[in-house]
There are 2 protein chains.
Amino acid sequence: MGGDFGPHCIVPASISFLAQHPALQLVLVGQAPLLEELCARVPAVDRPRLHIQHASEVIGMDERPSQALRSKPDSSMRVALELVRDGTAHACVSAGNTGALMALSRYLLKTLPGIDRPAMVTAVPTQTGHCHLLDLGANVDCSAEHLYQFAVMGAVAAEALGKANPRVALLNVGTEEIKGNQQVKLASTLLEQARGINYIGYIEGDGLYRGLADVVVCDGFVGNILLKASEGLAAMVVSRLEELFASSLSAKAIGLVAMPLLRRLRSDLTPARHNGASFLGLQGIVVKSHGSAAEEGIQSALRRALAEIRENLPQRLHGRLESLL
Amino acid sequence: MGGDFGPHCIVPASISFLAQHPALQLVLVGQAPLLEELCARVPAVDRPRLHIQHASEVIGMDERPSQALRSKPDSSMRVALELVRDGTAHACVSAGNTGALMALSRYLLKTLPGIDRPAMVTAVPTQTGHCHLLDLGANVDCSAEHLYQFAVMGAVAAEALGKANPRVALLNVGTEEIKGNQQVKLASTLLEQARGINYIGYIEGDGLYRGLADVVVCDGFVGNILLKASEGLAAMVVSRLEELFASSLSAKAIGLVAMPLLRRLRSDLTPARHNGASFLGLQGIVVKSHGSAAEEGIQSALRRALAEIRENLPQRLHGRLESLL
């Protein structure tokens, strides 16, 4: 029921994703009459693999997490997470209120042993491919131990999603040993001692985009600001290019050809909007699709959930955490 | 003597800047024989307005600030700052070691009354013009009071540099009141009570680039990472565009025309490299040119110093701080 476009976008995106994955079963959770109506509009829907689970309440995009937790026992978000908790579903994907989704996920699914706080991670494009950036805003204040846990979880997730021996780095204001705040310095010491983690040291903001690491770790305050600033900068660059191309006749002709390239670039450069963000450290799989994600973004989030199910990511994390924490 | 290209870049840049500003006098501080030789290579140099001040030592780009402070009494950086302290020069511009420049500036020039720590500020391009972002890395750990002082200094500097009643915002992970860490929340309360500051509340990373504020305040850890990530992203975007344009025949033709536009964009998007960063809160004017700044970047830093001299920025800051702090 959540996200800026709500079920009007999520339902057709889900149905089209279902058609692409013959082994998949999907449960749409929310107000059943509306969901039934939206499903009926799509002619080619494979109904035996598409289930509708009624939930009478909706958590608003601006609602406080604490309120979402206390009231609304029948919200679509809560019911979807309960399906995961009870083993009826393998993963939950939501485009709704991020804070509420995190609070409800922690409450209903619990964290893995050894993990104090779950983290949000997404794949950010770089010069050489992409890197996994975490935390993206779930934790604004982090201790060295939290950063260490994020690094371990990021490394295991990157490995599960296909990157052998991923290079793990801590985001910092310099690469020299003396740089940074106390939390980062102490986390670095912890990571240097961790066996089985390919820790490469500090990385700066430009190093991230140069592709110097596969997993980049920071607190949620820094990660959230970095990600949103990157989105804002990417949008600005694309609109500046459009202006540049519109500013002369020859450039205008170029622009006509270049515009589709620019649009592709813009979607490449807005990773969270495009890819969704995964919650790591829970006893279950939860993927957050960007609030303003269109159909393509919803499908990326579903694809991410599917990959994590196939790799049994929470179980895999659990195994590695036992030996590392 | 500092920067990645050293005096071989700084000397010709300075001489060319001198020619553009007939009222200006410049003092080049460093190893006199080398500086004399470099000056002699430029035919049109106006020697009566160009002075050379010998300093026998050089602070390395990787030297620790504490070491730069204790040893090397005759470094070019220290001698240049002493000229400002003694009133022989109105401002110091350096492309050298940032940490050493900040430590020496604080030690030799002292901070203004009411200011605990100087901040670094630069003008960042936005959708609607530019905003003044501070701190950029001088202070990795900041209290609410520090953030408040940065906001006041940023507002006064923006006003002095031509922006009437600048909109001041705190960088945060959301715009709602409940978002953020303790320091940011408390700084917000302080700013709401400050008279004569046009405080508009929280801003997110994308809001910065959308041009929603004229002064954006954060701690140096966040500011440094944001600025460097933006540089890295801008470089990645430009090289991706180059790749896109090279990927098809028609696009190749476009690319030939588009490349100069892309290069212009790249220099617009690397503000610190291009504009230099100013130290605010000292009893004197110090402008840091980016280590990898070419001649154009050095001249931008000189231009910024000249503007601050004309506006008598430290005096102006002193006046406003007395009434606000």
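As a reminder, the structure under discussion sits directly above these lines.
Everything numeric here is computed off the predicted structure, so don't read it as measured data.

The rules behind each value
- Within every chain, residues take consecutive numbers counted from 1 along the sequence as written.
- Chain A is the first chain written and ligand 1 is the first ligand written, with later ones labelled in order.
- This being a predicted model, a pLDDT of at least 70 is required before a residue's local features are given, and a value of 80 or more before pairs of side-chain atoms are given or counted; all residues contribute to the totals for chains, interfaces and linings.
- Excluded from the side-chain calculation are hydrogens and water; included are all heavy atoms of the structure.
- Burial status follows relative accessibility: with a 1.4 Å probe on protein chains alone, a residue under 20% of its type maximum counts as buried, one over 50% as exposed, and anything between as partly exposed.
- Secondary structure elements are taken from DSSP: a helix is a run of H or I of four residues or more, a strand is a run of E of two residues or more, and numbering for both begins at the N terminus.
- Pairing between two strands requires that DSSP report at least two bridges joining them.
- The term salt bridge refers to a side-chain nitrogen of Lys or Arg lying within 4 Å of a carboxyl oxygen of Asp or Glu.
- Least-squares superposition of the copies uses the C-alpha atoms of those residues scoring a pLDDT of at least 70 in each of them.
- The contact criterion used is simple: two residues touch if any of their non-hydrogen atoms lie within 4.5 Å.
- Buried area: the accessible area, evaluated with a 1.4 Å probe, that two parts lose upon being put together, summed over both parts.
- Counted as a polar contact is a pair of N or O atoms within 3.5 Å, where, for protein atoms, one must be capable of donating a hydrogen and the other of accepting one, and residues adjacent in sequence contribute only when both atoms are in side chains.
- Every axis corresponds to a line fitted to the C-alpha atoms, with the helix fit spanning only the stretch in contact, and the corresponding angles, defined between N-to-C directions, vary from 0 to 180 degrees.
- Between 65 and 115 degrees an angle is taken as roughly perpendicular, under 35 as roughly parallel, over 145 as roughly antiparallel, and anywhere else as oblique.
- Handedness of a crossing is defined here by the sense of rotation of the near helix relative to the far one, left-handed for an anticlockwise turn of less than a right angle and right-handed for a clockwise turn.
- Side-chain classes are defined by residue name, with Ala, Val, Leu, Ile, Met, Phe, Trp, Tyr, Cys and Pro counting as nonpolar, Asp, Glu, Lys and Arg as charged, and the others, Gly among them, as polar.

Asks: Residues and numbers for the pairing of strand β9 (residues 277-280) of chain A, please.
Replies: Here is the key point about a regular strand: its side chains alternate between the two faces of the sheet. Residue and element names in this part refer to chain A. Across the two faces of β9 the burial is the same, with A277 and F279 and S278 and L280 all buried. The pairing of strand β4 (residues 119-126) with β9 spans three bridges and is classified as antiparallel. The residue bridging A119 from the neighbouring strand is L280, located in β9. Examined bridge by bridge, β9 and strand β10 (residues 285-288) share three bridges and lie antiparallel to one another. Counted as the bridge partner of S278 is V287 from β10.

Asks: Kindly report on the pattern of salt bridges, identifying the contributing residues and their values.
Replies: Counted under the stated rule, the structure contains 28 salt bridges over all chains. Two residues, B:E82 and B:R78, come together in a salt bridge whose shortest N-O distance is 3.5 Å. Taken together, the residues span about one helical turn, with B:E82 and B:R78 both in helix α4 (residues 76-85) at a distance of four residues. Across the pair B:R85 and B:D86 runs a salt bridge whose closest N-O atoms are separated by 2.9 Å. What makes B:R85 partly exposed here is its relative accessible area of 43%. One salt-bridge network, held together by shared partners, links A:K163, A:R167 and A:D214.

Asks: I'd like a rundown of the relation of the copies chain A and chain B, residues and numbers included.
Replies: Mapping between the two copies of the chain is achieved by a rotation about an axis and a shift along the axis. The transform that puts chain A on chain B rotates by 180 degrees and translates by 0.0 Å along the axis, for an RMSD of 0.0 Å. Here the copies are linked by what is in effect a two-fold axis. The residues that chain A uses at the interface reappear at the interface of chain B in 100% of cases, marking a shared surface.

Asks: Account for the interface of chain A and chain B, with residues named and values stated.
Replies: The interface of chain A with chain B comprises 50 residues on the first partner and 50 residues on the second. Summing both sides of the interface, chain A and chain B together bury roughly 4,500 Å²; the carbon and sulfur share of this comes to 74%. The largest contributions to the chain A side of the interface with chain B come from A:V173, A:F221 and A:L233, which together make up 13% of the buried area. Counting across the interface, chain A meets chain B through two salt bridges. With a closest N to O distance of 2.2 Å, A:E204 and B:K228 form a salt bridge. Inspection of the region where chain A meets chain B yields eight residue pairs in polar contact (both at pLDDT 80 or more).

Asks: I'd like a description of the environment of A:K179, backed by residues and values.
Replies: Residue and element names in this part refer to chain A. One can find K179 in the loop between β6 (167-171) and α7 (182-193). Overall, K179 belongs to the partly exposed group, its relative accessible area being 31%. Put simply, K179 and Y202 are 23 residues apart on the chain and 9.0 Å apart in space, counted from C-alpha to C-alpha. Other than its neighbours up to four places away in sequence, K179 contacts N172, V173, G174, K185 and Y202.

Asks: A description of the packing of helix α1 (residues 7-20) of chain B against helix α12 (residues 295-310) of chain B should follow, citing residues and the corresponding values.
Replies: Residue and element names in this part refer to chain B. Interhelical geometry of α1 versus α12 gives an angle of 50 degrees and a closest axis separation of 9 Å. As summarised for this structure, α1 and α12 are arranged oblique, according to the angle between their axes. Every pair of crossing elements has a handedness; the one defined by α1 and α12 is right-handed. Across the interface between the two elements, C9, I10, P12, A13, S14, S16, F17 and Q20 of α1 pack against E295, I298, Q299, L302, R303 and L306 of α12. Residues that form the contact of α1 with α12 fall into these classes: eight nonpolar, four polar and two charged.

Asks: Would you mind going over unusual backbone geometry in detail, with residue names and values included?
Replies: All names here are of chain A. Residue D135 follows L134 across a cis peptide bond; omega there is 0 degrees. Among the structural elements, D135 can be located in the loop between β5 (129-134) and α6 (144-160). Even without a glycine there, the phi angle at K110 is positive, about 70 degrees. With respect to the element layout, K110 can be found in the loop between α5 (98-109) and β4. Judged by its relative accessible area of 45%, K110 is partly exposed.

Asks: I'd love a proper account of the sheet that holds strand β9 (residues 277-280) of chain B, names of residues and values included.
Replies: Judged by pairing direction, the sheet is mixed, and its eight strands sit side by side in the order β3-β10-β9-β4-β5-β8-β6-β7 (chain B) without closing on themselves. This sheet does not close on itself; its edge strands, each paired only once, are β3 (91-94) and β7 (198-203) of chain B. On average, each strand axis in the sheet is inclined to that of its neighbour by 30 degrees, with strand direction left out of account. Relative to strand β5 (residues 129-134) of chain B, strand β4 (residues 119-126) of chain B is paired through six bridges, and the arrangement is antiparallel. Residue pairing for β5(B): B:V124 is matched across the bridge by B:C131. Together, β4, β5 and β6 (167-171) of chain B form the strand contacts of helix α9 (residues 220-246) of chain A, whose direction differs from that of β4(B) by roughly 40 degrees.

Asks: Any chance you could break down the packing of α4(B) against helix α5 (residues 98-109) of chain B for me, citing the residues and the numbers?
Replies: Residue and element names in this part refer to chain B. Closest axis-to-axis distance for the α4/α5 pair is 10 Å, and the angle between their directions is 35 degrees. You can see that α4 and α5 cross each other, and the crossing is right-handed. Residue-level inspection shows M77, R78, L81, E82, V84 and R85 of α4 in contact with α5, the latter providing A100, L101, L104, S105, Y107, L108 and L109. For the contact of α4 with α5, the class distribution of residues is nine nonpolar, one polar and three charged.

Asks: Give me the lowdown on the side chain of A:H21, citing residues and values where you can.
Replies: Residue and element names in this part refer to chain A. Position of H21 relative to the elements: it lies in the loop between α1 (7-20) and β1 (26-30). Among the polar contacts made by the side chain of H21, one reaches the main-chain carbonyl oxygen of F17 at a distance of 3.0 Å. Residues in contact with H21, not counting those within four places in the same chain, are R49, L306 and R310.

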